[in-house]
Amino acid sequence: MCIFVPSKKNIQLDILKNVISHAKEYGFVFPSSDIYDGLSAVYDYGQNGVELKNNIKKYWWKSMVQLHENIVGVDSAIFVHPTTWKASGHIDAFNDPLIDNKDSKKRYRADVLIEEYISKIEVKIEKEIGKASKRFGEDFDKEQFVDTNPRVKEYFSKIKSVSERMNRSLEKEDLEDVKKLIEELQIACPVSGSKNWTDVKQFNLMFSTKIGASADTATELFLRPETAQGIFLNFSNVQKTGRMKIPFGIAQIGKAFRNEIIARQFIFRMREFEQMEMQFFVPPGDQKKWYDTWKEKRMQWHLSLGIEKENYRFHNHEKLAHYADAACDIEFKFPFGFKELEGIHSRTDFDLKSHEKHSGKKIRYFDAQRNESYIPYVIETSIGLDRMFFAVFSHSLKEEKLEDGSSRTVLKLPPHLAPTKVAILPLVKKDGLDEVAKKIANSLKNNMNVSYDEKDAIGRRYRRQDAVGTPYCITVDYDTQKDNTVTFRDRDTMQQKRINIDSIIESVEYSDF
Ligand code: ATP
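What you see is a predicted model; the values in this text were computed from it and never measured.

This paragraph deals with the packing of helix α2 (residues 47-66) against helix α11 (residues 287-303). Two numbers describe how α2 lies on α11: the axes approach to 12 Å, and their chain directions differ by 145°. Where α2 crosses over α11, the handedness of that crossing is right-handed. Of α11, the residues touching α2 (which contributes Tyr59, Trp60, Ser63 and Met64) are Trp294, Arg298 and Trp301. For the contact of α2 with α11, the residue count by class is five nonpolar, one polar and one charged.

Let's shift gears to helix α12 (residues 350-359). Buried residues of α12: Asp351, Leu352, Ser354, His355 and Glu356, and no others. On its buried face, α12 sits against α3 (83-88), α9 (228-233), α10 (235-241), β10 (272-282) and β13 (337-348). Two residues or fewer after α12 comes Gly360, characterised by a positive phi angle close to 75°.

The subject of this paragraph is the pattern of salt bridges. This structure, assessed with the given rule, holds 37 salt bridges. Salt-bridge contacts for Asp34 lead to Lys24; the nearest nitrogen and oxygen are separated by 3.0 Å. Here Asp34 is found in the loop between β1 (29-31) and β2 (43-45), whereas its partner Lys24 is found in helix α1 (residues 12-25), with ten residues between them in sequence. A relative accessible area of 38% places Lys24 in the partly exposed class. A salt bridge links Asp479 to Lys482; the shortest N-O distance between them is 3.2 Å. In this pair, Asp479 and Lys482 are both assigned in helix α16 (residues 478-483), three residues apart and thus about one turn of the helix distant. Given the relative accessible area of 34%, Asp479 is considered partly exposed. When its relative accessible area of 68% is taken as the criterion, Lys482 is described as exposed.

What follows covers the sheet that holds β10. The seven strands lie next to each other as β3-β9-β10-β16-β13-β12-β11, forming an open sheet whose pairing is mixed. Edge positions in the open sheet fall to β3 (71-73) and β11 (312-316), since each of these has one partner strand only. Here the average twist between neighbouring strands, direction ignored, is 25°.

For strand β4 (residues 95-100), the tally of buried residues reaches five of six residues, placing the bulk of the element in the interior. Where β4 meets strand β5 (residues 107-109), three bridges bridge the pair, whose relative direction is antiparallel. Across the sheet, the residue bridging to Leu98 is Arg109, located in β5. Linkage of β4 to β5, two consecutive antiparallel strands, is achieved through a turn of six residues, within which Lys105 is found at a positive phi near 60°.

This part takes up the environment of Glu506. Structurally, Glu506 can be placed in helix α17 (residues 504-509). Taking relative accessible area as the criterion, Glu506 reaches 53% and is therefore assigned exposed.

Next up on the list: the layout of surface pockets. Leftover empty space is mapped by rolling, across the atoms, a probe with the size of a water molecule. Quantified by volume, the second largest pocket comes out at close to 380 Å³. For the second largest pocket, the lining is made up of 23 residues, of which Leu413, Pro414, Pro415, Arg491 and Asp492 are closest to its centre. Broken down by secondary-structure element, the contributors of at least two residues to the lining of the second largest pocket are α13 (385-396) and α17. Split into classes, the residues belonging to the lining of the second largest pocket amount to nine nonpolar, six polar and eight charged.

Right, let's get into the nonpolar core. The biggest cluster of nonpolar side chains holds 56 residues, and the ones touching the most others in it are Phe28, Trp60, Phe389 and Phe390. If we skip the residues at most four places from it in the chain, Phe28 touches Ala23, Asp44, Tyr45, Gly46, Asn48, Gly49, Leu52, Phe389, Phe393, Leu411, Pro419 and Val468. Judged by nonpolar contacts, the second largest core, of 30 residues, contains Phe145, Val146, Val152 and Ile262.

Before going further, it helps to examine the environment of Leu205. Counting through the fold element by element, Leu205 comes out in the loop between β6 (201-204) and β7 (208-211). C-alpha of Leu205 to C-alpha of Arg258: the two residues are 53 residues apart in sequence and 5.2 Å apart in space. Among all residues touching Leu205, those that are not within four sequence positions of it are Phe94, Asp96, Phe257, Arg258, Asn259 and Glu260.

Tracing the backbone through its elements, the reader meets His345 in strand β13. On the basis of relative accessibility, which here comes to 11%, the residue His345 falls in the buried class. A polar contact is formed between the side chain of His345 and the side chain of Glu380, at a distance of 2.6 Å.

It is worth spelling out helix α5 (residues 110-136) at this point. For α5, which comprises 27 residues, the first-to-last C-alpha distance of 40 Å matches the rise-based estimate of 39 Å (1.5 Å per residue) to within 8%. The elements touched by buried residues of α5 are β4, β5, α6 (142-148), α7 (150-171) and α8 (175-184). Following α5 by one or two positions, Gly137 has its phi on the positive side, about 60°.

Around the ligand lies a shell of 16 residues, among which Glu260, Arg269, Met270, Glu340 and Leu341 are the nearest. Between Arg109 and the ligand, the recorded distance is 3.4 Å, taken from a side-chain N or O atom to an oxygen atom. Note that a nitrogen atom of the ligand is positioned 3.4 Å from one of the backbone N or O atoms of Phe268. Protein coverage of the free-state accessible area of the ligand, which is 590 Å², stands at 87%. The element that contributes the greatest number of residues to the shell around the ligand is β13, accounting for five residues. Of the residues assigned to the shell around the ligand, the class counts are four nonpolar, five polar and seven charged.

This part covers the confidence of the model for the protein. For the protein, per-residue confidence averages 93 on the pLDDT scale, and residues scoring 70 or more make up 97% of the total. Note that residues 1-10 has pLDDT below 50 and, in this model, 19 contacts with residues that lie over four places away or in other chains.

Here we take up the packing of aromatic side chains. By the definition in use, this model includes 25 aromatic pairs. When the centroid spacing of 6.2 Å and the interplanar angle of 50° are considered together, the rings of Trp60 and Trp61 count as tilted. For Trp60, a relative accessible area of 0% gives the class buried. Trp61 sits in the partly exposed class, given a relative accessible area of 29%. With centroids separated by 5.9 Å and ring planes inclined at 15°, the aromatic side chains of Phe389 and Phe393 adopt a geometry described as stacked. Taken together, the residues span about one helical turn, with Phe389 and Phe393 both in helix α13 at a distance of four residues. Its relative accessible area of 0% is what places Phe389 among the buried residues. Taken together, the ring pairs in this structure connect Tyr43, Phe266, Phe268, Tyr312, Phe332, Phe334, Phe336 and Phe390 into an aromatic cluster. We note Arg387 situated over the ring of Phe268; from NZ or CZ to the ring centre the distance is 3.7 Å. Arg489 extends its terminal NZ or CZ atom over the ring of Tyr462, reaching a point 4.4 Å from the ring centre.

Conventions and cut-offs
Residues numbered from 1 in each chain as written. Predicted model: local features only at pLDDT ≥ 70, side-chain atom pairs only at ≥ 80, totals over all residues. Heavy atoms only, no water. Axes fitted to C-alpha atoms, helices over the stretch in contact; angles between N-to-C directions. Helix = DSSP H or I, 4+ residues; strand = E, 2+ residues; numbered from the N terminus. Left-handed = near helix turned anticlockwise from the far one by under 90°. Contact = heavy atoms within 4.5 Å. Nonpolar A, V, L, I, M, F, W, Y, C, P; charged D, E, K, R; others polar. Buried < 20%, exposed > 50% of the residue type's maximum accessible area, 1.4 Å probe, protein only. Salt bridge = Lys/Arg side-chain N within 4 Å of Asp/Glu carboxyl O. Pairing = 2+ DSSP bridges. 1 Å grid on protein atoms, 1.4 Å probe; cavity = no way out; pocket = protein on both sides within 12 Å on 5 of 7 lines; lining within 4 Å. Points joined across faces, edges and corners; volume = space filled by probe spheres on them. Core = buried A, V, L, I, M, F, W, Y, C linked by side-chain atoms within 4.5 Å. Polar contact = N/O pair within 3.5 Å; in protein donor to acceptor, adjacent residues only side chain to side chain. Expected span 1.5 Å × (residues − 1). Near = heavy atom within 4 Å. Areas by Shrake-Rupley, 256 points an atom, 1.4 Å probe, with all protein chains shown as cover. pLDDT = per-residue confidence, 0-100. Phe/Tyr/Trp six-rings, centres within 6.5 Å; stacked < 30°, edge-to-face > 60°. Lys NZ or Arg CZ within 6 Å of the ring centre and 35° of its normal.

Structure below.
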């Protein structure tokens, strides 16, 4: 039995530092090109990271493709015909507004600077609520307090006016006003502390490259900034060859590339990352119904992982992208606060229509029920695999003080996502215990990821498995030789019980600690 107490490291920055160093120390995430001091915002996944990442992919794919009769997958190329990006609007509009601080020479996304200003006001609101809740105790009515407290009301109206003005200016491409807003809010550079800003400029996020051997004939291509277009380009191929009937979806997991201006916050914002996207094709007019359905379904998917509900929230977009008639984010409470984890967008018929126009090929669906041919509307669910990894990993990492006064670091990953399902540990490396343990490990390998560890005292080996998130440990001891039983230890409760060797698989799959 252990007592859970909040760790001292409960300060945002410390938590983030802790997450980054734990991810590196235990083979989850390394800076890319580490021996050359890394490459900004590019990361590699190590021996444990790749397993966790693959398990997240499998979990998503299973729930989206395997469990939906009307959703199929594709794996389209990263390179696509360059006209694709003209048609999709990425060449003209895939920009971020950037601003430089003249003193620190650091570059920022102007909208992010303003959003961070808003986040600070949100923190102030939380503080006021926290203070009042302490003051009023059990009688505290949060809703009433938020509706009536003058200071909180003022904070909310400030947030509203700032975000409305930012959205309006960005929509109108009034970059002068975005700069003015930054100056009026007296936003300072976090590095130099100065308010000496350049003008705001638009910056296209696509990486370009060339295909072809000779400089004269080479064609300029872009590394895809989203996987979605590969799905749109294959709409007719999949619909016809799969004889798919609307409504149906096409899912894809793959790399995307963005030349992000601000590339901080670990694997939250990377220049090379992976997306898990699904485009769901519906009849025109039905998009609102399906948008609501997918909002609900995706939130349920997140909650099914067992991470508490209060870590998620919806953020409905006021400023819509050029292709959308509704959009929201599912935000997660990352170590630096609530941020976008997944986007759900009602993309209208914008993409298919535009590809039809640019390619000259008909992209239509004949709806036998309606007896008409149309360009389908699209609901998109788009989640960053790396952000999902970060969400699960950072939320699972805990420091626990134990009853005996010692502490442990434990990665409480959802068991089915853990890199290793079970660790097999001989109590000592002699008297044949190691041979029995190896035999057990070999017999399980076909069913699950197993690790075998015989080095150091058993307590230290348990700690090592806790730190990489292994949900169960099996210890082979002298009794094993007598009665064919082993000790079965649960990571989260640290409880142990004796089980028969023959029931290991069942215990791992259906453990009831
Ligand atoms: P943000 O506002 O954070 O830049 P976005 O709205 O541009 O994100 P989308 O274009 O909707 O993101 O992409 C869908 C998902 O892809 C996001 O919800 C996120 O999980 C992931 N994603 C986007 N950009 C990155 C990135 N640079 N690094 C890692 N994941 C990313």
